[in-house]
Amino acid sequence: LVIISFLFLTFTKYQEKIDMAVNNEDINLRAIQISDFLVKSRGDPINWEKDVSKLNVLGLVTSDRRLSDDKMNGFVDLDYNTSRSKLNIKSFDFYFSIKNLNGQIMEIGGDSKKIEKGTKPPLNAKKVVMIKRFAVYGNENKIVEFTLWK
C-alpha cells in the first residue's frame, strides 16, 4: 500500500510538471505566432480596416513589416474582447504597443491617439511572455511589442 501510494504521488507530481511545461510552451508559441502574423500579414480580408465587421484575422501591415495607419487605427479602436477573439487567445490577456527606438509609445499618424491595446500584465500574473519585433512605421524603424499573459 505504501509503494502504491508513493507511485501515485510521484506520477501525480510528474503529471503536474508535464502539464505546466505544455502550458508554458503553448503561451510561448502563441505569442511568437501572433507577433509574427501582426507584422507580416495584412489580415483577412486584406482590407478589413474598411469594414471591421468582416474581420476574420488581424494583420497590421501593407506589406511585410510596413505598418499601416488605417489598420493600426482599426485595431486600437476594436473592442478588447473582439481583439482577443480574432487573435484566437480567449484564455489569455494581451498588451500591444508600438514604440520608437527610445521606448516611447507612438501615436497614430501624429494624432494624440497612442498605439497601444489591451491590458498590461499585473505583477501577480502566472505567466507573461513579451515578444518584440522590428517594423517600419512612418518610414522609421519601430519596436512592436506583444505581451501575452494569464
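What you see is a predicted model; the values in this text were computed from it and never measured. (Residues numbered from 1 in each chain as written. Predicted model: local features only at pLDDT ≥ 70, side-chain atom pairs only at ≥ 80, totals over all residues. Heavy atoms only, no water.)

Draft legend 1. Region of interest: the pattern of salt bridges. What the rule picks out here adds up to 10 salt bridges. For the salt bridge of Asp36 with Arg133, the shortest nitrogen-to-oxygen distance reads 2.8 Å. Highlighted residues: Asp36 in helix 1 (residues 2–40) and Arg133 in strand 5 (residues 128–137), separated in sequence by 97 residues. Lys54 is paired through a salt bridge with Asp51; the nearest N and O atoms lie 3.9 Å apart. Taking the relative accessible area as the measure of exposure, Lys54 reaches 53% and is therefore exposed. Counted as one network, the salt bridges with shared partners bring together Lys99, Lys132 and Glu145. (Salt bridge = Lys/Arg side-chain N within 4 Å of Asp/Glu carboxyl O. Helix = DSSP H or I, 4+ residues; strand = E, 2+ residues; numbered from the N terminus. Buried < 20%, exposed > 50% of the residue type's maximum accessible area, 1.4 Å probe, protein only.)

Draft legend 2. Local environment of the packing of aromatic side chains. Following the criterion strictly, the structure yields four aromatic pairs and no others. Judged by centre distance (5.1 Å) and plane angle (80°), the rings of Phe75 and Phe96 are edge-to-face. Of this pair, Phe75 sits in helix 2 (residues 69–77) while Phe96 sits in strand 3 (residues 93–99), and the two are 21 residues apart along the sequence. Summarising the burial analysis for this pair, Phe75 and Phe96 share the class buried. Measuring from ring centre to ring centre gives 5.8 Å for Phe94 and Phe146, while their planes differ by 20°; the resulting arrangement is stacked. On the criterion of sequence distance, the pair formed by Phe94 in strand 3 and Phe146 in strand 6 (residues 140–149) is long-range, its members being 52 residues apart. Each of the two residues, Phe94 as well as Phe146, counts as buried. Ring pairs connect the aromatic residues Phe75, Tyr80, Phe94, Phe96 and Phe146, which therefore count as one cluster. (Phe/Tyr/Trp six-rings, centres within 6.5 Å; stacked < 30°, edge-to-face > 60°.)

Draft legend 3. Highlighting the side chain of Lys71. For Lys71, the location among the structural elements is in helix 2. Lys71 has contacts with Arg42, Ile46, Asn47, Trp48, Glu49, Gly59, Leu60 and Val61, leaving out every residue within four places of it along the chain. (Contact = heavy atoms within 4.5 Å.)

Draft legend 4. Region of interest: the nonpolar core. The biggest cluster of nonpolar side chains holds 32 residues, and the ones touching the most others in it are Leu67, Phe94, Phe96 and Phe146. Only helix 1, helix 2, strand 3, strand 5 and strand 6 provide two or more residues apiece to this core. Among the elements that make up this core, the one with the highest residue count is helix 1 (five residues). Apart from the residues within four sequence positions on either side, Leu67 is in contact with Leu60, Val61, Met72, Ile98, Ala135, Val136, Tyr137 and Val144. (Core = buried A, V, L, I, M, F, W, Y, C linked by side-chain atoms within 4.5 Å.)

Draft legend 5. Here's a closer look at unusual backbone geometry. Between Asp44 and Pro45 the backbone carries a cis peptide bond, its omega angle lying at -5°. You can see Pro45 is positioned in the loop between helix 1 and strand 1 (61–63). Not every positive phi belongs to a glycine, and Asn88 is a case in point at roughly 60°. Structurally, the position occupied by Asn88 is in the loop between helix 3 (80–86) and strand 3. Residue classification places Asn88 among the exposed residues on the basis of a relative accessible area of 55%. A positive phi angle, close to 60°, is found at Asn139, a residue other than glycine. Mapped onto the elements of the fold, Asn139 is located in the loop between strand 5 and strand 6.

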